[in-house]
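# Breakdown of the fold
One-letter residues, chain by chain:
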Amino acid sequence: MTAATDGALRRLVRVPARVLVRLLVLVVRAYQLLVSPMTPPSCRYHPSCSSYAVVALERHGLLRGGWLAVRRLGRCHPWAAGGVDDVPGTTEARGTSDAWDTVPGSTPSPTSSATRSPAPTGRSSAGLPHVHAGH
């Protein structure tokens, strides 16, 4: 197989993977809008599992992002300590940015993840109720 053929084959595989990532992100977003508001806030981690899944899929793609999301769901249970658990960065950006820096439409945190409180309080800094994103 030549390099040109190999490159064309890789591009053909990436297109369906991108479509699947977008489909999975759409499913998670639908859950956040339709199901999560009907459940009480019970997230032990920050960001919530569903937000973590969206960031992981968008940042790392179908295989690694999906694996990170499944691992996170496996860690989320009533006996978990919880706290801040950001999505790992890509290999070249690891340790240099916060998980929310690369999410379109997100607001960057005013502090680094190391100085944030370990668990969300359920209220925003302005004292308004926190909008629950769910698992």
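What counts and how
Numbering of residues starts from 1 in each chain and follows the order in which that chain's sequence is written. pLDDT decides what is reported in this predicted model: residues at 70 or higher carry local features, side-chain atom pairs at 80 or more are listed and counted, and totals for whole chains, interfaces and linings draw on all residues regardless. The side-chain quantities take in all heavy atoms of the structure and omit both hydrogens and water. In what follows, salt bridge is the name for a side-chain nitrogen of Lys or Arg lying within 4 Å of a carboxyl oxygen of Asp or Glu. Numbering of helices and strands starts at the N terminus; helices are DSSP runs of H or I of at least 4 residues and strands are runs of E of at least 2. Relative accessible area decides the class of each residue, using a 1.4 Å probe on protein chains only: under 20% of the type maximum gives buried, over 50% gives exposed, and in between gives partly exposed. Expected span of a helix, by definition, is 1.5 Å for each gap between consecutive residues, and there is one gap fewer than residues. What is called the bend at a residue is the angle between a pair of axes, fitted to the seven residues leading up to and ending at it and to the seven starting from it. Per-residue confidence from the predictor is reported as pLDDT, which spans 0 to 100. Pairs of residues are marked as contacts when any of their non-hydrogen atoms sit within 4.5 Å.

### A word on the pattern of salt bridges
This structure, assessed with the given rule, holds two salt bridges. A salt bridge links D85 to R72, with the shortest nitrogen-to-oxygen separation between them at 3.5 Å. You can see D85 sitting in the segment after β2 (83–84) and its partner R72 sitting in helix α2 (residues 49–75), a full 13 residues away along the chain. Taken individually, D85 and R72 each receive the classification buried, so the pair is uniform in this respect. Salt-bridge contacts for D85 lead to R75; the nearest nitrogen and oxygen are separated by 2.4 Å. Within this pair, whereas D85 is found in the segment after β2, its partner R75 is found in helix α2, the two being separated by ten residues in sequence. In this structure R75 comes out as partly exposed when scored by relative accessible area, which is 25%. Salt bridges here are not isolated pairs; linked through shared partners, they connect R72, R75 and D85.

### What to know about unusual backbone geometry
The peptide bond linking H46 to P47 adopts the cis configuration, its omega dihedral lying at 0°. Relative to the assigned elements, P47 resides in the loop between β1 (45–46) and α2.

### Notes on α2
Since the α-helix advances by 3.6 residues per turn, residues separated by three or four positions end up pointing in the same direction. Taking 1.5 Å of rise per residue, 27 residues should cover 39 Å, yet α2 covers just 10 Å from first to last C-alpha, more than 12% shy of that figure. A maximum bend of about 140° is found in α2 at G61.

### Some details on the confidence of the model for the chain
Low pLDDT means the predicted coordinates in that region are not meant to be read closely. Of all residues in the chain, 59% attain a pLDDT of 70 or more, and the chain-wide mean is 74. Averaged over each element, pLDDT in the chain is lowest for helix α1 (residues 3–34) (84) and highest for α2 (95). Under a pLDDT of 50 for its full length, residues 92–131 has, in the predicted model, 44 contacts with residues more than four places off or in other chains.

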